[in-house]
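Overview (structure and organization)
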Amino acid sequence: MKTTQSLYDAVLQQIQSGNLTTNTTLQEPWDYPTIYKTGRTFYAYFTPIILIVGFVGNTLSFNVFISKGMRGLSASVYLAALSATDLVTLLCYVMVEWLRRGIVYLQPDWKVSFVDTDYLCQFQMYTSYVSRMSSVWLVVAFTVERYIGVCHPLRRIDICSVSSARKIVVFIFLSSMTLVLYKPFLSGVFVSASGDKFCTTYPTYSFISFVLDSIYGLLITLVPLTIISMMNFLIINRLFARKRKQKKTRILSEEALMRLEFTSILLVISFCFVAFNIPFLVMWIRNFFFSKHITNPINDSMYDVESWQGWLYITRTIFYANYCINFFLYSITGAYFRRGLKAMFCKDNRGLLRAHSTLTRYNSHSHTNHSWV
């Protein structure tokens with residue numbers, strides 16, 4: 001999330017432009033604090049693992065959710081869209097950032113510059129902003145859908161249908177594409193004093209970009225985290241209340257079990273989303289208040305700048321895990337997902353037909369309040 005310029009990069013930019021008038025000097029790499037070296041090493045080695053696992057896991061998840069046995073559920077529409085969006089985010093954001101910041105740490109002579117060219121720079125930045133916003137708000141939409149299904153079952157037939165889910169997914173994508181249109185117009189490729197190219201904001205629009213990026217940062221962190229946390233609290237509260245009320249009824253229909261499974265998947269996904277986002281959110285808030293548009297970043301000692309930069313690399317890597325972990329969450333909490341995954345590899349047509357039959361009955365009975373999930 002490049003919503004604010006890192007403190008260390010701010011120092012570098014001021015030195016290159018000749019605006020740094022202090023006696024501060026950059027340390028040599030071997031003088032960097034331990035946390036900085038640890039953070040960069042953690043980022044450089046673990047990000048490729050996240051990329052590989054994420055590409056494989058999201059591809060498998062997408063194919064399962066669009067399969068005949070699963071695509072009849074509105075929840076599958078959200079999760080299929082989430083898998084596709086996470087794939088784009090891994091490709092256009094996580095991988096590009098690793099090529100810029102990670103691979104050069106492992107091999108200093110390997111400088112990947114093709115991503116820092118005109119047009120490709122703006123396209124990559126725009127796509128990464130759109131995919132990250134879409135991914136977050138798909139989780140929010142799925143959370144709201146499950147909240148309605150659990151807490152307002154009589155409204156479920158009107159709101160939680162496949163057609164409604166598809167419209168909401170399209171709306172999220174179109175809204176994200178519209179809200180971040182500013183980014184490619186305010187960005188470009190610049191050449192530093194040392195001859196290195198980098199894709200960043202035009203200096204003349206730095207403050208405008210800072211304000212818009214800050215709003216964007218709130219829209220993909222604090223706002224969705226608040227909504228998801230509130231909805232999860234209400235869902236869990238209602239589930240416990242109804243469990244106490246119906247504790248004598250031990251048998252649930254297969255349709256109810258499927259809805260309960262998707263509710264469990266939602267809770268696990270959203271809890272992991274919150275857990276993986278909070279550390280990076282804290283760093284983002286810290287960098288926001290130490291941005292050059294809020295205060296003077298040079299007031300910090302170089303040691304502090306590098307230390308915070310190390311923590312930023314660690315929390316960023318944890319944040320990236322959001323885009324690869326969902327496959328494992330589906331596999332652990334979703335028996336129907338595992339059945340669909342097995343059928344995809346083993347050509348288990350009976351399993352697919354059985355799941356499809358369950359979904360058909362689920363959709364035909366969805367106008368009743370038979371199930372409490």
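Our subject in this report is the structure included herewith. (Residues numbered from 1 in each chain as written. Predicted model: local features only at pLDDT ≥ 70, side-chain atom pairs only at ≥ 80, totals over all residues. Heavy atoms only, no water.)

1. Points about the overall build of the protein chain
Looking only at helices and strands, one finds 15 helices and two strands in the protein chain. The buried share of the protein chain, reckoned over its 373 residues, is 51%. Counting only contacts in the protein chain whose residues sit at least 6 apart along the sequence, the fraction spanning at least 24 positions is 82%. Roughly 18000 Å² of accessible area belongs to the protein chain as shown, and the carbon and sulfur atoms make up 66% of that amount. (Helix = DSSP H or I, 4+ residues; strand = E, 2+ residues; numbered from the N terminus. Buried < 20%, exposed > 50% of the residue type's maximum accessible area, 1.4 Å probe, protein only. Contact = heavy atoms within 4.5 Å. Areas by Shrake-Rupley, 256 points an atom, 1.4 Å probe, with all protein chains shown as cover.)

2. A short note on the pattern of salt bridges
When charged atoms on two side chains of opposite charge get close, those side chains can pair. For the structure on display, the rule yields five salt bridges. Across the salt bridge formed by arginine 101 and glutamate 97, the nearest N and O atoms sit 2.8 Å from each other. Residue arginine 101 and its partner glutamate 97 are both found in helix α3 (residues 74–101); the two are separated by four residues, about one turn of the helix. Of the two residues, arginine 101 and glutamate 97, neither departs from the other in class, the shared state being buried. (Salt bridge = Lys/Arg side-chain N within 4 Å of Asp/Glu carboxyl O.)

3. Quick notes on unusual backbone geometry
In this structure, tyrosine 119 takes a positive phi of about 75° despite not being glycine. Relative to the helices and strands, tyrosine 119 is located in the loop between α4 (103–106) and α5 (120–151).

4. What to know about the packing of helix α13 (residues 326–333) against helix α14 (residues 335–346)
Where α13 meets α14, the axes come as close as 5 Å, and the angle between the chain directions of the two elements is 105°. Viewed along their axes, α13 and α14 adopt a mutual orientation that is roughly perpendicular. Where α13 approaches α14, its residues Phe327, Tyr330, Ser331, Ile332 and Thr333 are matched on the opposing element by Ala335, Phe337, Arg338 and Leu341. Counted by class, the contact of α13 with α14 contains six nonpolar, two polar and one charged residues. (Axes fitted to C-alpha atoms, helices over the stretch in contact; angles between N-to-C directions. Parallel < 35°, antiparallel > 145°, perpendicular 65-115°, else oblique. Nonpolar A, V, L, I, M, F, W, Y, C, P; charged D, E, K, R; others polar.)

5. Notes on a nonpolar patch on the surface
A cluster of nonpolar side chains, contributed by Tyr45, Phe46 and Ile49, occupies part of the molecular surface with about 320 Å² of accessible area. Among the secondary structure elements, tyrosine 45 is positioned in helix α2 (residues 34–65). (Patch = residues over 30% accessible without salt bridge, like charges linked within 9 Å, V, L, I, M, F, W, Y side chains within 5 Å.)

6. Here we look at the packing of aromatic side chains
Per the stated rule, a full pass over the model turns up 18 aromatic pairs. Here the aromatic residues Tyr36, Tyr43, Tyr93, Phe280, Tyr313, Phe319, Tyr320 and Tyr323 are joined through ring pairs into a cluster of three or more. Its end group placed over the ring of tyrosine 93, arginine 132 keeps NZ or CZ at 3.9 Å from the ring centre. Against the face of tyrosine 129 rests arginine 132, its NZ or CZ located 4.7 Å from the ring centre. (Phe/Tyr/Trp six-rings, centres within 6.5 Å; stacked < 30°, edge-to-face > 60°. Lys NZ or Arg CZ within 6 Å of the ring centre and 35° of its normal.)

7. Here's the deal with the state of the cysteines
Here is the idea: a disulfide is a covalent bond, and it sits between the sulfur atoms of two cysteines. The final tally for this structure, using the stated rule, is one disulfide. Two residues share a disulfide in this structure: cysteine 121 and cysteine 199, whose sulfurs sit 1.7 Å from each other. Judged by the torsion about the S-S bond (65°), the cysteine 121/cysteine 199 disulfide is right-handed. Of this pair, cysteine 121 sits in helix α5 while cysteine 199 sits in strand β2 (residues 197–201), placing them 78 residues apart in sequence. Grouping residues by exposure puts cysteine 121 and cysteine 199 together as buried. (Disulfide = S-S within 2.5 Å.)

8. Describing α5
The terminal C-alpha atoms of α5 lie 46 Å apart, and with 32 residues this matches the ideal 46 Å at 1.5 Å per residue to within 8%. Counting buried positions over the 32 residues of α5 gives 28, a clear majority of the element. (Expected span 1.5 Å × (residues − 1).)

9. Things to note about the nonpolar core
Nonpolar side chains tend toward joint burial in soluble globular proteins. In this structure, Phe65, Leu79, Phe262 and Tyr330 are the most contacted members of the largest nonpolar core, which totals 64 residues. Ranked by residue count, the leading element in this core is α5, at 16 residues. In contact with phenylalanine 262, not counting residues within four places along its chain, are Phe65, Met70, Leu73, Ala75, Ser76, Leu79, Phe142 and Arg146. Counting 19 residues, the second largest nonpolar core, distinct from the first, contains Tyr32, Tyr43, Phe280 and Tyr323. (Core = buried A, V, L, I, M, F, W, Y, C linked by side-chain atoms within 4.5 Å.)

10. Let's talk about the pairing of β2
With five bridges connecting them, strand β1 (residues 187–191) and β2 associate as antiparallel partners. Among the inter-strand pairings, valine 189 is bridged to a residue of β2, identified as cysteine 199. Between β1 and β2, which pair antiparallel one after the other, the connecting turn spans five residues, and glycine 195 there sits at a positive phi close to 95°. (Pairing = 2+ DSSP bridges.)

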